[in-house]
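So you can see what is in the structure, the chains are spelled out below.
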Amino acid sequence: MKRPFLVFLISYMLGILFFYNIKFQVKYLLIIIFILALIIMYLIIKNKQYVLILLIITFIISGLIIKEKSESKLCKYQNIEIKMEGILLETEYLSKGYSKYIMEVKKIYYNKIGYILNERVVLRVFGNKKVKIGDKILATGTVKIAESNTNPKLFNYRLYLYTKDIFYTVEVRSENIKVISSNNLNYLQKNSIKFKEKTGYIFDKIISKKRNASIVKAMVLGDTKYITDNDKNIFREAGLAHILAVSGLHIGIIGGAVAFLLKALKLKLNLQVLITLFILWIYGYFIGFPISTLRALIMITLLLLSKLIHRSYDPINILSFAALVLLIYNPFWLFSIGFQLSFGATYSIILFTSKIKEKIPLSNDIIPEILSPILGVQMGLLPFLIYHFNKFSFLSIVSNIVVIPLISIVLILAFTALIIFFISARLAIFLGFIINTLLWVCNIIISLIYKLGFTIDIVSFKIYEIFIYYLIVFIMLGFIKLKLYSYKVKKVIFIYYLVAILLIFTNSYYCKNVYIDFIDVGQGDCTLIRGRGRDILIDTGGTPFGNYDIGANVVTPYLLKTGIKNIDGVFISHYHEDHCEGVLSLIERISIDNIFLGYKNNKSPLYTEILKKAKENKVNINYLNKGDIIKIDNNIKIKVLHPEINNTREYMENENNLSMVLLVSINEYKVLFTGDIESEVEKELINNKVYENIDIMKAPHHGSNTSSIDKFVEKFNPKYVIIQVGKNKYGHPNKEVLSRYSSNGIKVFRNDKNGLVRVKVEKNNINITPFLKDKDTINDIINKYKILILVTLVFNLVSIYFIKSLRYNEKSEIVDNSKT
């Protein structure tokens, strides 16, 4: 094989994805290994190629490693209070009354028995206990599994901690922490902290402007905690977030400077290489070995060693080796944004730079030399950036062309100033003045690009769209050459994927299923209904307590990642924060055609703010009345059951009872949305006989004891109830209400237990799937994708037959020609 590590890496990554997403037990894995061993033996006996054998082994190894890595000794103590002894390694977050630390647990005590342990946890401290890094502490707290995302595709804190080899958090009160001793870090850990502190101190001294000093610290130490969230957002939207990570640029600058000095001292080449690598790896350790740094260190190490032993250096193969090593160390890094962007950018530069340079029609070599790597990175990373951030900056290429050369000079001067400070503080301050000036210019350019507003929100790519995108890129750059008259193996594979993509696209376009997503917005309501070409929201969530913006942080990202940039209509049940506050930020980033309201309330600040925002963004405001029917399309219609405009004063004292009640009909199925109505309105709906048997009901008022009375539940008689509820102080949902649903044979789904609840309405069936559920088994996967598996199998068999026939005909022609 020309690039064996690339092949092994792909197989290994597929194994990680498979075994992470599939529920499996080691005993079943051993059975699979046994069966595969028989296949391997057969292939060996038949003298077949060993590539398949190695790929299978690599795939299986990934499963064993991810299984071993994900097992924690603390799993036995989940939700149990234990004592633990350990050392504080890092500070994650500090504020009055609450802080977070990374703690290395050495020993735990349970039932007065001690157990040796060596595992890191996130220590969440409630209170104002003063502790510091290096303290050995004894703490009594409750072991908790980290929170996972409860809506698809949104940030997964649990998986983020997995990338840091952390599987549990421990919640403790400050009074339950006892400091045993201080200064318990080892020699390298102490020096790492000293290096960061000293570096920060020097930059604060020599760079007069605090903001610029913080930016330099973030770049040199590879830690964005030094800069504000606003600055992070500005760099991200200008397409320059990568300059805040320690990458090949940093390693190249340090390595080049050290190599230059050692060469000037006329040391032997092997000694130069060893000293350079030692300094680079020490620097990597001091800043905590970020993924991008490890990648650069592995690659430069192999590059320098290859020069020593006079061996050729294939960058793709070496990059694949680096990725393989890192994923063997921690397979969860595959899900890290840092890993994806770092390796994606490097692959893009290696693959695309020379091809792009050939395509730029300029006689001058300087411009193509500068443009090609920047364009290569932008082209290669586009799907990743859109998937993770849902933003695209049209000026990111311009900002990189202008800013990167300046930032390179800043980094060179920053590293130089660090060394010179110990020789001449005045000279270091002079360099700091130059750094300050260059960053002043950079900040003007970045701010200008940011203010121009050429950054747009964009929906995440679907899988088939990513395939199409890279297909187009590879065809444009000449990696794939289409010759219709030449049907070789690669062409058949290409045609198969092209046909598969077109089939998926056609199926998604003509699919007539309707999806109802009861989005988990915590203590609040928000439901998305997606029909063919139509998208509507019923309520938008919000935060009744605290400053967390549900609209900006949950609803908008979910819509963009689901592929929705335009909403046909937003129905607001009533003007309480947990039902409509989210629309205020939603309206800024998502195109909304109509907002539907059930009544007017000029005394409500939220009501007046909604009207103001709608007017500013040219959104139509529509008032609905009892009896109104809104036809969304041929499959979906909405009937308003409450309130009646002429009867709103009666319920104005309790605004919950002004909630808009909607009966949504989808094909032959009916879904009732009830807002926060209480027993008074429930009785009115019964007395007015506006009821019928329904299939699904959104529980009134989050399942409170003031709603869901017996007669209401019996009359509407839903098969399923969805309770939109989160952590709250009101006791929602009420136990008696839950019991009432249960006694009527109604199946209940809850956002706080099940996360997002998705209802798939087909022509003759309803299928309800909670997002938080056990992982699929292999049987589940086969049942879910049996048609795709069957089609793929048939197509591959036909392809094999076709290829063999083609080869046979080619051989026959050769024989005939030789005879001739």
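Thresholds, definitions, all that
Residues numbered from 1 in each chain as written. Predicted model: local features only at pLDDT ≥ 70, side-chain atom pairs only at ≥ 80, totals over all residues. Heavy atoms only, no water. Phe/Tyr/Trp six-rings, centres within 6.5 Å; stacked < 30°, edge-to-face > 60°. Helix = DSSP H or I, 4+ residues; strand = E, 2+ residues; numbered from the N terminus. Buried < 20%, exposed > 50% of the residue type's maximum accessible area, 1.4 Å probe, protein only. Lys NZ or Arg CZ within 6 Å of the ring centre and 35° of its normal. Pairing = 2+ DSSP bridges. Axes fitted to C-alpha atoms, helices over the stretch in contact; angles between N-to-C directions.

Chemist: Report on the packing of aromatic side chains, specifying residues and quantitative values.
Modeler: Summed over the entire model, instances satisfying the criterion amount to 32 aromatic pairs. Residues tyrosine 77 and tyrosine 115 carry aromatic rings whose centres are separated by 6.5 Å and whose planes lie at 45 degrees to one another, so their mutual orientation is tilted. Residue tyrosine 77 is found in the loop between α3 (51-69) and β1 (81-95), and its partner tyrosine 115 is found in strand β3 (residues 113-126); the two are separated by 38 residues along the sequence. Exposure remark for tyrosine 77: the relative accessible area of 9% places this residue in the buried category. Looking at tyrosine 115, the relative accessible area reads 35%, which means it is partly exposed. Connected via pairs of aromatic rings, a cluster forms that spans Phe195, Trp281, Tyr283, Tyr285, Phe286, Phe289 and Phe415. Lying across the ring of tyrosine 387, lysine 561 places its NZ or CZ 5.2 Å from the centre.

Chemist: Lay out unusual backbone geometry with the relevant residues and their values.
Modeler: Each neighbour pair has its own omega, and for histidine 642 with proline 643 the value is 5 degrees, a cis peptide bond. Positionally, proline 643 belongs in the loop between β17 (636-642) and β18 (661-666). The linkage connecting histidine 732 with the following residue, proline 733, adopts the cis geometry, with an omega of -10 degrees. You can see proline 733 is positioned in the loop between β21 (720-723) and α24 (735-743). The phi dihedral of asparagine 111 is positive, around 55 degrees, even though this residue is not glycine. Of the residues examined, asparagine 111 reaches a relative accessible area of 58% and is grouped as exposed. Of note in this structure, histidine 701 is not a glycine but carries a positive phi near 50 degrees.

Chemist: Tell me what's going on with the sheet that holds strand β8 (residues 514-518), and back it up with residues and numbers.
Modeler: Strand order in the open sheet formed by eight strands is β15-β14-β12-β10-β9-β8-β23-β24, with mixed pairing between adjacent strands. Either end of the sheet is taken by a strand with one partner, and the two such strands are β15 (620-623) and β24 (766-770). Adjacent strand axes in the sheet meet at a mean angle of 20 degrees when their direction is disregarded. Strand direction decides the pairing type here: strand β14 (residues 594-597) and β15, joined by four bridges, are parallel. By the bridge assignment for β15, leucine 597 is matched with tyrosine 623.

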